[in-house]
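# Overview (structure and organization)
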Amino acid sequence: MDDDVSTQAAYWVAKMDSELPSPDLFKKFLQWKDSDPLHASAFGELSAIWAAAEKPKMHEIIAEEQLQYPATDRTTDQSPIAQYLPFSLKISLAASLVIGLCLVVMSGLQINQGAQLQSLQLVTQIGEQKTKKLNDGSELTLNTNSKVNVQYSKNERSIYLTSGEAHFEVAHNSQRPFKVYTPHGNVRAVGTAFTISLANDNLAITVTEGRIAITSSQPSARNKNQPLALVDAGHKVNVSDDHPQIKRIDTVELEKRTAWQKGLLIFDGDSLKSVIEEISRYTDTTIVVTDESINSVKIGGQFRTNEIQGLLESLHNGFGISAHYIDENRVLLFRANPHESKDQKT
């Protein structure tokens, strides 16, 4: 609510509460209220709070003051309010009281609902990761080059993942479902943990704890609330065009798929092509393979997400693949001369 509008609304709340308005005053009030929809809204909001608060009417305060200090006594120091304050100033003070009381009441509401309501946006740049504790106790970890919007309402905890990858540790609350919306499918959870990744028009999910329900994100879906699939912990699922493909994963693969949360990348017989695609998510450096025959070389090892140089050195020393920087942001990969690598692996 705009401060100026709030002040004006509070003035009229106090004015209407303090005296029986004259036709002229009431006309002015209506002109003000009807001149802008925000005026009517602000007046209604403050009037409701003022009416619900436990306090005497303003006209009762003034009447009490007049009873205690008759007009004949108002020139003495026995009536500080009547002696020093004209009626118009009393109204101004009343308006201030209205604003103050309303702020206190609304602050109380915000405090009580603080754990319930939340709205924020989280964004990571290439190579960056962030972890955020949410108001309900849930926690989300955002991977490189990702973006989410958090919108918590009274009845639903909504997350909108528009790009990248995120891991969710969901606080249990069966009365207030936790939903993640994406362009390729939606996920509903109560108390669970899972990772969602968006890539190549596909939705990839790894469930590490509990159970999730996947629903359609397509506007044309007949029943968007009907689950496409229920996925339990220890499974991964890929969703494309509302067709989920579920597969059980072992502990080794689970560790591999969640290693990024520790700042690591784990490869176990992955092709060089897939390794380059994965590491490229974490760096601005463009990696170009000049010899297509090395794309199928199998790579294994554990690497830091922020240490591309370490990966390039490992490729040279352990897999017979050399790197040559054209400039600080572009590097070429090619098969190394056998004399350059002692431990070449093909």
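Cut-off values and rules
Residues numbered from 1 in each chain as written. Predicted model: local features only at pLDDT ≥ 70, side-chain atom pairs only at ≥ 80, totals over all residues. Heavy atoms only, no water. Helix = DSSP H or I, 4+ residues; strand = E, 2+ residues; numbered from the N terminus. Buried < 20%, exposed > 50% of the residue type's maximum accessible area, 1.4 Å probe, protein only. Contact = heavy atoms within 4.5 Å. Phe/Tyr/Trp six-rings, centres within 6.5 Å; stacked < 30°, edge-to-face > 60°. Salt bridge = Lys/Arg side-chain N within 4 Å of Asp/Glu carboxyl O.

### Here's the deal with the overall build of the protein chain
- If you tally the helices and strands in the protein chain, you get 9 helices and 19 strands.
- Burial analysis of the protein chain (346 residues in total) assigns 38% to the buried set.
- In the protein chain, the share of contacts with a sequence separation of at least 24, taken over all contacts with a separation of at least 6, comes to 46%.

### Quick look at unusual backbone geometry
- One non-glycine residue, N145, lies in the positive phi region at around 50°.
- The residue N145 is located in the loop between β3 (139-142) and β4 (147-152) in this model.
- Even without glycine at this site, D241 takes up a positive phi of about 55°.
- Mapped onto the elements, D241 comes out in the loop between β13 (235-240) and β14 (243-248).
- A relative accessible area of 62% places D241 in the exposed class.

### Comments concerning the packing of aromatic side chains
- Counted according to the given criterion, the structure contains 4 aromatic pairs.
- Taken together, a centroid distance of 5.2 Å and an interplanar angle of 35° make the contact between F168 and F194 tilted. Remark: F194 occurs in strand β9 (residues 193-199) and F168 occurs in strand β6 (residues 165-169); sequence separation between them is 26 residues. Across this residue pair, the class does not change: F168 and F194 are buried.
- Linked through ring pairs, F168, F178 and F194 together constitute an aromatic cluster.

### So, the pattern of salt bridges
- Overall, the coordinates contain 9 salt bridges when judged by the stated rule.
- Its salt-bridge partner being D232, residue R211 comes within 2.7 Å of it at the nearest N-O pair. In this pair, R211 sits in strand β11 (residues 211-215) while D232 sits in strand β12 (residues 229-232), placing the two residues 21 residues apart along the sequence.
- D327 is the salt-bridge partner of R330, the closest N and O atoms lying 3.2 Å from each other.
- With relative accessibility at 41%, the residue R330 sits in the partly exposed group.
- Through salt bridges with shared partners, a single network forms among E165, E278 and R281.

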